Amino acid sequence: MAKDLGAQGPSIARQAYGEELRLRREAAEHTQQSLADAVVCSPSLIAHIEAGRRKPRVEDARRLDKELGTDGFFERFLPTLDTGRFATYFAQVVELEAHASCIQEYGAALVPGVLQIEPYARAIFRSGTANTSAADVDRRIVKRLERARILDGTDGPVMWALLDEGVLRRVVGGPAAMAAQLSHIATLASNGRVRVHVLPFSSGAHALAESMVSLMKFDEAPPLAYVEGLRTGHLHDDPATVAQCQASYDLALGDALSAQASLDLITSVAEEYEHAL
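Here we summarise the structure given alongside this text. Here the structure is a predicted model, which means the values were calculated and not measured.

### So, the overall build of the chain
Of regular secondary structure, the chain possesses 12 helices and 6 strands. Relative to a compact globule of 277 residues, whose C-alpha radius of gyration would be 19 Å, the chain shows 20 Å and is just as compact. A principal-axis box enclosing the C-alpha atoms of the chain has dimensions of 70 × 40 × 30 Å. Every one of the 277 residues in the chain was classed for burial, and the buried ones make up 44%. Residue pairs at least 24 apart in sequence account for 74% of intrachain contacts in the chain once pairs closer than 6 positions are excluded.

### Observations concerning the packing of aromatic side chains
Two descriptors summarise a pair of aromatic rings, namely the distance from one centre to the other and the angle between the planes of the rings. Taken as a whole, this structure holds 4 aromatic pairs when the rule is applied. Here Tyr-17 and Phe-74 contribute two aromatic rings whose centre-to-centre distance is 5.4 Å and whose plane-to-plane angle is 80°, an arrangement assigned as edge-to-face. Remark: Phe-74 occurs in helix H5 (residues 73–76) and Tyr-17 occurs in helix H1 (residues 12–27); sequence separation between them is 57 residues. Each member of the pair, Tyr-17 together with Phe-74, is buried. Their ring planes at 90° and their centres at 5.0 Å tell us that Phe-73 and Phe-74 sit as a pair that is edge-to-face. The pair Phe-73 / Phe-74 is uniform in exposure class, with both members buried. Feature note: the residues Tyr-17, Phe-73, Phe-74 and Phe-77 constitute an aromatic cluster, connected by ring pairs. The cationic tip of Arg-24 hangs over the ring face of Phe-73; the distance from NZ or CZ to the ring centre is 5.3 Å. Over the ring of Phe-218 we find Arg-54, and its NZ or CZ is 5.4 Å from the ring centre.

### Side note on the nonpolar core
One finds Leu-115, Leu-168, Leu-182, Val-194, Met-216 and Ile-266 to be the most contacted residues of the largest nonpolar core, which totals 39 residues. Elements with a contribution of two residues or more to this core: helix H6 (88–97), helix H7 (118–128), strand S2 (158–164), helix H9 (165–169), helix H10 (175–190), strand S3 (194–199), strand S5 (224–229) and helix H12 (259–275). Excluding anything up to four places from it in sequence, Ile-266 contacts Leu-168, Leu-182, Ile-185, Ala-186, Val-196 and Val-198. In terms of nonpolar packing, the next biggest core, distinct from the first, is built from 15 residues, Leu-21, Leu-35, Ala-36 and Val-39 among them.

### Remarks on the side chain of Glu-97
Inspection of the secondary structure assignment puts Glu-97 in helix H6. Assessed through its relative accessible area of 2%, Glu-97 is described here as buried. Excluding anything up to four places from it in sequence, Glu-97 contacts Ile-103, Val-114, Arg-147, Ile-150, Pro-157 and Met-216.

### Structural notes on the side chain of Arg-144
Counting through the fold element by element, Arg-144 comes out in helix H8 (residues 134–147). Buried charge without a salt bridge: Arg-144, with Glu-228 as the nearest opposite-charge side chain at an N-O distance of 6.7 Å. Contact partners of Arg-144, with chain neighbours within four places excluded, come to Gly-113, Gln-116, Ala-121 and Phe-125.

### Things to note about helix H3 (residues 43–50)
With 6 of 8 residues buried, H3 lies mostly within the body of the structure. All of the buried residues along H3 are Ser-44, Leu-45, Ile-46, His-48, Ile-49 and Glu-50. Phi for Gly-52, located one or two positions after H3, is positive at around 85°.

### Observations concerning the pattern of salt bridges
Using the criterion set out here, one finds 15 salt bridges in the structure. Across the salt bridge formed by Asp-237 and Arg-57, the nearest N and O atoms sit 3.0 Å from each other. Here the residue Asp-237 occupies a position in the loop between strand S6 (232–236) and helix H11 (239–254), and Arg-57 occupies one in the loop between H3 and helix H4 (58–68), the gap between them amounting to 180 residues. Classification of Asp-237 as partly exposed rests on a relative accessible area of 26%. Connected through shared salt-bridge partners, Arg-57, Glu-59, Asp-60, Arg-63 and Asp-237 make up one network.

### What about unusual backbone geometry?
For Val-40, which is not glycine, the phi dihedral falls at a positive 60°. As for its position among the elements, Val-40 is in the loop between helix H2 (32–39) and H3. Phi is positive for Asp-71, which is not a glycine, with a value near 55°.

Calculation criteria
- Residues numbered from 1 in each chain as written.
- Predicted model: local features only at pLDDT ≥ 70, side-chain atom pairs only at ≥ 80, totals over all residues.
- Heavy atoms only, no water.
- Helix = DSSP H or I, 4+ residues; strand = E, 2+ residues; numbered from the N terminus.
- Rg over C-alpha atoms; globule rule 2.2 N^0.38 Å.
- Buried < 20%, exposed > 50% of the residue type's maximum accessible area, 1.4 Å probe, protein only.
- Contact = heavy atoms within 4.5 Å.
- Phe/Tyr/Trp six-rings, centres within 6.5 Å; stacked < 30°, edge-to-face > 60°.
- Lys NZ or Arg CZ within 6 Å of the ring centre and 35° of its normal.
- Core = buried A, V, L, I, M, F, W, Y, C linked by side-chain atoms within 4.5 Å.
- Lys, Arg positive; Asp, Glu negative; His and termini not counted.
- Salt bridge = Lys/Arg side-chain N within 4 Å of Asp/Glu carboxyl O.

Spelled out as structure tokens, the structure:
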């Protein structure tokens, strides 16, 4: 994928890991295609690992070790590849977002992170733990706002945001924060940068009622699905699981308001918050 990695590029550890794979592959007289065939994956995945853009799954690393005779090296060093800038279960998702060609996200209770503005995010982080320090909140806000940079300009991923109506109605940070947050989303939608749909309360039960989900598609790699719960999250790359998540998203999207009706509702609710000030 021809994208500028900027501040969210591969970590030094992943670059070193990828370089080691390239050296071991060439020493074994494998091309990316022949190695991919041997370990049952796509050559683009091998290319992304070598470039430091993707972290292999444990089973991929084991097959690489077996094929290249590397005595467990690639499996053993997997834990060193997390950046530490975000929670371990989420760090890889942040890196992948920067390379995605399309992101489809469902906000079940909150505005998705890449769409959040500072006052809204600050209220979320303050409520997250009982004794959060101001410095810790500030650090987390900086990280969250960095993620939003993928929406800067026009060369970032196509972004779809499916929002439960409860996201609009739940007052996070007070009326002023909500008015600003919803106005921000409305601006992105009006400018065509983000495609936004709202699942109204009247839709009742729907296919995503039990969980949030983020679907990521790539130009030269298989799609992924990320599902998150309290203090935990899981990145799915199994094709059947990803397809099921996509099907659930599509079903829920079918129950949502149209793009224009969603924009009208978001704008109307933002005005309600402004009048409450």
